[in-house]
Amino acid sequence: MSETQVTRAPSTAPGAPAGSPWSRLGAWLAQERVFRLIPFVLVEAIFVLVIIIPFLLTIYISFLKWRANRPFEQAYLSGFENYQAVLTDPGFWSALGRTFYFAGAAVTLELVLGFVLAMLVARTVRGKAVYITILLVPMMIVPVVVGYNFTMLYIDSGPINQLLAPFTEAMGLDPRIRWLSDPVAAQWAVILSDVWQWTSLTFLIFLSGFSALPKQLINAARVMGASAWQIFWRVELPLLKPAIVIAVVIRSMEALKIFDPVVLLTAGGPGTSSQSIAFYLWEQVWVFNKFSFGAAASIILLIIFAALIFFGIWLLVRSSAAVARERAA
Amino acid sequence: MKSSRMMVSVLVPLVSAGLAAASAQAADPVADRAVELARAYMKAKKIDKLEQNMLLNSLYRNAIGDFADRWEKLTNIKVVSSPLGYTDIPSKIMAEAVAKTGSFDIFNDFPYTMPDAVGAGVVVPLDEYAKKGKPDFSGVAPGLRYQQYYQGKLYNIVLDGDHLILALRKDIVENPEVIKEYQAKFGKKPGCPATIDEWEQMAAYFHTKEGETRWGMKFDKPLYGAMGYRSVNFSYRHFPAYFGGLLFDKDMKPQIATKEGVEAITKFTSIVKYMPPDIQGWGTPQIYPFWGSGQAFSVMSFPSIVGYGNSNEKSVVKGKQLSCLIPQTTWKGKLVRRAPQAAGTGYMVNKYSKHPELAYYFVQWLTSPSVGDEAIAHPKGFWDPFRKSNTTNEAILKRFGEDFVKVTMENSNHAVSLLLIEGNYEYFKILDNNLADVMNGNVKPDEAAKRIETGWNRVTEDIGRKRQIESGRWGVETGLTGARLMEM
């Protein structure tokens, strides 16, 4: 008790006359039961201001009938009208489906390429730092620059088609692939630019996974006569499970929000063939001014994506626990 | 004696410079009035110096500074521009409608941004200021002039005649061998096509594969018969050239799922086979250089493409371009000519500006006949000719060429606005998406027309049919949409 009294801060705020409201506030804040809560309160305040209030506002707006081409003062409550409009809009569902398709294709390619590159670099003895630096560069480039560069590369008479020409011609295909104007090619144009940029991240995650592999286990397996394939399949890959799950979860979460390459390469076209859900939302809100419709669509998406994230986290926890159990055994 | 001589030698140039400046000023009372009224406003409000901000279409970023500097010297008001891509400007304006910050005093954008901005209450009617400033819109064709108004009020002062034009390769149509062969086949000399159908016929005829030799010329690269904007966010700007009437009737019933609508969709999409394969992904940054590279026989585009073809250092079509009126299309059995005002920016004043009246005076000064002509002639600007005075302005004629100015001014008499009602970007997008589906062979034109009709009706109901009917009818009554032209 006496120690507490000794270490307590002065009971008046510095410079404030004793008995003034400031000094009383200072004294109150200096009490240990209050003082220890200050950081928590600050964090909570930021959380409330930055997340909770905008989130509640979004929910509120989603129940209004409001397009921004009317003053907000003219908005009125319309119940679940916006939710109904979103759920019955085929554009919403096709954009969502397309997003899963983009994310599925892009993340799969990024995982495979990132894994292979990480495995090769992890086993490289000379020039490792150079390889790592080069392979991380795409991730460091601003997405706008990536998108702009790819618009140039994808031009029908551009370098990509020229590189592919020997193969496309050999297969009897038109060598001028319409990367940005054919509905299917445009989707792959978006996917490939995403793969080019974000394979760096999966590479980095897998490389750290390879670096953290316990050498003694691998050596023990080698001593016991396991082949290189067996070591990889039975020892390394199971130990890399958490890294794989992290890469899947992080990249999937990001890929489901794919927006930059869509805007920069195709503007969602031709037609709506490369429109992602993020682009759809942006267009509804910022081009069509349908703020309340956009709010309702965001809430619905939040529910869908939250379920996915929980599933991803559950997977991550489960695989980490399994690896821990294997190591303990 | 010596001192009086010195005084004379100093005073004479000063007086003559003053007289010259005065005569230059006196030549345009619209600009002068804007300056005087701005000065009087500053004096009345006891403001010595002021800074105003303009959200500017980035096309003008390299030229606007010269005019802003002059305005500052004349009035002590500095106009600071924030250049932004044209696709981003409408959302910034709508964000301002919600945020009400007054960060921008002036918005520079296309006329068809105006309906949403007016609906949101973020722009002020300029009529009160115009009563004092008396701007001059004489010599501007009705189809362009009325795009400055919405529901009877002046909101937006236009300084850009971006109505579409058709350009052909003059060197090809004037080639004696081409003339001979073309005449033998079609019974007439090649030249500006009279109709959309004839344009497609020419496109088919001149479309040449890589490696072919025709008319004594070897084509190392293919010559595409036609070019035009066919990508998302651009198709809707060209569509009115094919669809001769109003998109909606007086009760906002879409007119697209009609015989004329289906025909327009068919023609709009069928000429695509003579265009570069990637045309659905192209905007101006691809179309202009491609035209300049000489790989297309014809192009329907913004008029500045002719200037680009003549002035770009890499262009191989310098002096080889033939400017044409927009070809006619058929509407209910009659031939009509529609030159859509596909872009062409104007200037609006933010309701939340601290000094909207001063912002207006800058707009009046910039768009006045004399300063406006200088802007159009500015070598780094993208303002296109649109006013009668442009036809006699030597600097403009020098920059664009007499032939082009004549044709674009004639085209302006056939200018029609794009859809000038609230929610137009959503109507446009529905049209663009379905046109793309037809071009990609996903749906037939009649099915696309039905889908467009359904989509447009949904937007109309969402915004409010009554209000849309009011705006639509007002547009028809003023001749904004070409209805009057149609009756003539």
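Owing to the predicted nature of the structure, the values given are computational and were not obtained by experimental measurement. Every chain begins its residue count from 1, and numbering advances along the sequence as written. Naming scheme: in the order in which they are written, chains are lettered from A and ligands are numbered from 1. The model is predicted, so local features are restricted to residues of pLDDT at least 70 and side-chain atom pairs to those at 80 or more, both for listing and for counting; the totals for chains, interfaces and linings are taken over all residues.

Concerning the overall build of chain B
Put simply, the rule is: In this description a helix means any DSSP run of H or I spanning at least four residues, a strand means any run of E spanning at least two, and both kinds are numbered starting from the N terminus. In this scheme the burial state of a residue depends on its C-beta neighbours within 10 Å: 20 or more other such atoms mean buried, 12 or fewer mean exposed, and anything in between means partly exposed; the C-beta positions come from the backbone. Whether two residues are in contact is decided by their C-beta atoms, placed from the backbone, lying within 7 Å.
Looking only at helices and strands, chain B has 22 helices and 16 strands in total. Expressed along its principal axes, the backbone C-alpha trace of chain B runs to roughly 85 × 60 × 35 Å. Looking at chain B residue by residue over its 488 residues, the buried ones come to 52%. Within chain B, contacts between residues at least 6 apart in sequence are counted, and of these 75% link residues at least 24 apart.

What about the overall build of chain A?
The cut-off we apply is this: With C-alpha atoms as the basis for the radius of gyration, the globule rule is written as 2.2 Å multiplied by the number of residues raised to the power 0.38.
The secondary structure content of chain A amounts to 16 helices and 2 strands. Taken over C-alpha atoms, the radius of gyration comes to 27 Å for chain A, far larger than the 20 Å a tight globule of 329 residues would show. Overall size of chain A, expressed as C-alpha extent along the three principal axes, is 90 × 70 × 35 Å. For chain A, buried positions account for 31% of its 329 residues.

Some words on the sheet that holds strand E11 (residues 321-324) of chain B
Residue and element names in this part refer to chain B. For the record, the criterion: At least two bridges found by DSSP between two strands is the condition for calling them paired. Axis definition: a line fit to C-alpha positions, over the contact stretch in the case of helices; interaxial angles, taken between N-to-C directions, run 0 to 180 degrees.
The 3 strands lie next to each other as E10-E7-E11, forming an open sheet whose pairing is antiparallel. Edge positions in the sheet fall to strand E10 (298-301) and E11, since each has one partner strand and no second. Mean inter-strand twist for the sheet, computed between neighbouring axes without regard to direction, equals 25°. Relative to E11, strand E7 (residues 165-169) runs antiparallel, the two being bridged by 4 bridges. Along E11, the bridge assignment pairs Arg 169 with Gln 321. The sheet contacts of helix H14 (residues 304-311) involve E7, E10 and E11, and relative to E11 the element is tilted by about 170°.

Brief notes about helix H2 (residues 29-44) of chain B
Residue and element names in this part refer to chain B. Applicable threshold: A helix is expected to span 1.5 Å for every residue after the first. This arc is taken over the directions from the axis of the helix to the C-beta atoms.
Here H2 spans 22 Å end to end across 16 residues, near enough to the 22 Å set by a 1.5 Å rise per residue. Ala 31, Ala 34, Leu 37 and Ala 38 are the residues of H2 that are buried. The buried residues of H2 occupy an angular sector of 130° when projected down its axis, which confines them to one face. Along H2, the residues that are exposed and aim more than 90 degrees away from the buried face are Ala 40, Lys 43 and Ala 44. Positive phi shows up at Lys 46, right after H2, with a value of about 55°.

Topic: the pairing of strand E2 (residues 77-84) of chain B
Residues and elements named next belong to chain B. For clarity, the cut-off: By convention, orient the strands away from the viewer: a clockwise path from the first strand over the helix to the second makes the crossover right-handed.
Strand direction decides the pairing type here: strand E1 (residues 50-57) and E2, joined by 8 bridges, are parallel. Residue pairing in the sheet places Leu 55 in a bridge with Ser 82 of E2. Running through helix H3 (residues 64-75), the crossover from E1 to the neighbouring parallel element E2 is right-handed.

Quick look at the sheet that holds strand E6 (residues 157-158) of chain B
Across a sheet, paired strands are connected by hydrogen bonds in the backbone, their directions being either parallel or antiparallel. All names here are of chain B. The 5 strands are arranged E2-E1-E3-E15-E6 in an open sheet whose pairing can be described as mixed. Each of the sheet's edge strands pairs with one partner strand only, and the pair in question is E2 and E6. In this structure, strand E3 (residues 106-109) lies alongside strand E15 (residues 346-349), joined through 4 bridges in antiparallel fashion. Counterpart to Asp 109 in the pairing with E15 is Gly 346. Contacts from H3 reach E1 and E2, with the element oriented near 160° to E2. Along the sheet, helix H4 (residues 89-99) makes contact with E1, E2 and E3, crossing E3 at roughly 150°.

Some remarks on the environment of Leu 74 of chain B
Note on placement: Leu 74 of chain B falls in helix H3. Residue Leu 74 of chain B is classed as partly exposed on the basis of its C-beta count, with 17 C-beta atoms lying within 10 Å.

Section: the nonpolar core
Under the convention used in this document: To define a nonpolar core, we join buried Ala, Val, Leu, Ile, Met, Phe, Trp, Tyr and Cys residues through C-beta atoms within 7 Å and take the resulting set. Here the limits of each domain have been adopted from an automatic or database domain assignment.
With 189 residues, the main nonpolar core has Met 227 and Phe 362 of chain B as its most contacted residues. Shared between two domains, this core takes at least three residues from each, and those domains are domain 1 (24-159 + 345-383) and domain 2 (163-341 + 410-488) of chain B. Those residues in contact with Phe 362 of chain B, other than ones at most four positions away along the chain, are Gln 52, Trp 71, Ile 77, Val 79 and Ile 106 of chain B. Ranked by size, the runner-up nonpolar core spans 13 residues in total, among them Phe 206, Leu 207, Leu 240 and Ile 244 of chain A.

A short note on unusual backbone geometry
Glycine aside, negative phi is the norm for most residues, and most peptide bonds take the trans geometry. The residue after Gly 269 of chain A, namely Pro 270 of chain A, is reached through a cis peptide bond having omega 0°. Along the chain, the position of Pro 270 of chain A falls in the loop between helix H14 (260-266) and helix H15 (277-287). Positive phi values are uncommon outside glycine, yet Gln 151 of chain B reaches one of about 50°. Looking at the element boundaries, Gln 151 of chain B is found in the loop between strand E4 (149-150) and strand E5 (153-154). In the Ramachandran plot, Asn 233 of chain B falls in the positive-phi region, its phi being about 80° despite a non-glycine side chain. Mapped onto the elements of the fold, Asn 233 of chain B is located in the loop between strand E9 (217-218) and helix H11 (235-238).

Some details on the pairing of E3 of chain B
All names here are of chain B. Where burial is concerned, the two faces of E3 agree: the one with Ile 106 and Asn 108 and the one with Phe 107 and Asp 109 are both buried. Pairing geometry for E1 and E3, over 2 bridges, is parallel. Of the residues in E3, the one forming a bridge with Leu 55 is Phe 107.

A short note on the packing of helix H12 (residues 259-270) of chain B against helix H20 (residues 445-463) of chain B
Residues and elements named next belong to chain B. Rules: Orientation is classified from the angle alone, with under 35 degrees giving roughly parallel, over 145 giving roughly antiparallel, 65 to 115 giving roughly perpendicular, and any other angle giving oblique. For a crossing to be left-handed, the near helix must be turned anticlockwise from the far one by less than a right angle; the clockwise case is right-handed. Ten residues, namely Ala, Val, Leu, Ile, Met, Phe, Trp, Tyr, Cys and Pro, are considered nonpolar, four, namely Asp, Glu, Lys and Arg, are considered charged, and the remaining ones, Gly among them, are considered polar.
Contact geometry of H12 with H20 gives a least axis separation of 9 Å together with a crossing angle of 120°. By the angle class used here, H12 and H20 are oblique. The two elements H12 and H20 meet at a crossing, and its hand is right-handed. Of H20, the residues touching H12 (which contributes Gly 261, Val 262, Ile 265, Thr 266 and Thr 269) are Pro 445, Asp 446, Ala 448 and Ala 449. Broken down by class, the residue content of the contact of H12 with H20 amounts to 5 nonpolar, 3 polar and 1 charged.

Description of the domain arrangement of chain B
Accessible area lost during the coming together of the parts is what is often quoted as the interface size. All names here are of chain B. Partitioning chain B into domains gives domain 1 (24-159 + 345-383) and domain 2 (163-341 + 410-488). Its C-alpha centre places domain 1 at a distance of 31 Å from the equivalent point of domain 2. Domain 1 puts 18 residues into the contact, and the matching count from domain 2 is 22 residues. In terms of residue class, the side of domain 1 that touches domain 2 is built from 11 nonpolar, 6 polar and 1 charged.

Remarks on the environment of Asp 432 of chain B
Residues and elements named next belong to chain B. Mapped onto the elements, Asp 432 comes out in helix H19 (residues 424-439). Given 25 C-beta atoms within a 10 Å radius, Asp 432 is considered buried. Aside from chain neighbours lying at most four places away, what touches Asp 432 is Val 232, Asn 233, Ser 235 and Tyr 236.

Focus: the packing of H2 of chain B against helix H15 (residues 356-367) of chain B
Residues and elements named next belong to chain B. One way to put it is that H2 packs onto H15 with a least axis distance of 8 Å and a crossing angle of 160°. As the angle between them shows, H2 and H15 are arranged roughly antiparallel. Remark: the crossing between H2 and H15 carries left-handed chirality. Across the interface between the two elements, Val 30, Ala 31, Ala 34, Val 35, Leu 37, Ala 38 and Tyr 41 of H2 pack against Glu 357, Leu 358, Tyr 361, Gln 364 and Trp 365 of H15. The class makeup of the residues in the contact of H2 with H15 is 10 nonpolar, 1 polar and 1 charged.

Considering the confidence of the model for chain B
Residue and element names in this part refer to chain B. Stated precisely, the cut-off is as follows: Residue-level confidence of the predictor is summarised by pLDDT, bounded by 0 at the bottom and 100 at the top.
Looking at chain B, the pLDDT average stands at 90 and 93% of residues meet or exceed 70. Contacts from residues 12-26, a stretch scored under 50 in pLDDT, to residues over four places away or in other chains number 1 contact. Across residues 483-488, confidence stays below pLDDT 50; counting only partners more than four residues off in sequence or on other chains, it has 8 contacts. For this predicted complex, the interface score ipTM comes out at 0.82, alongside a pTM of 0.85.

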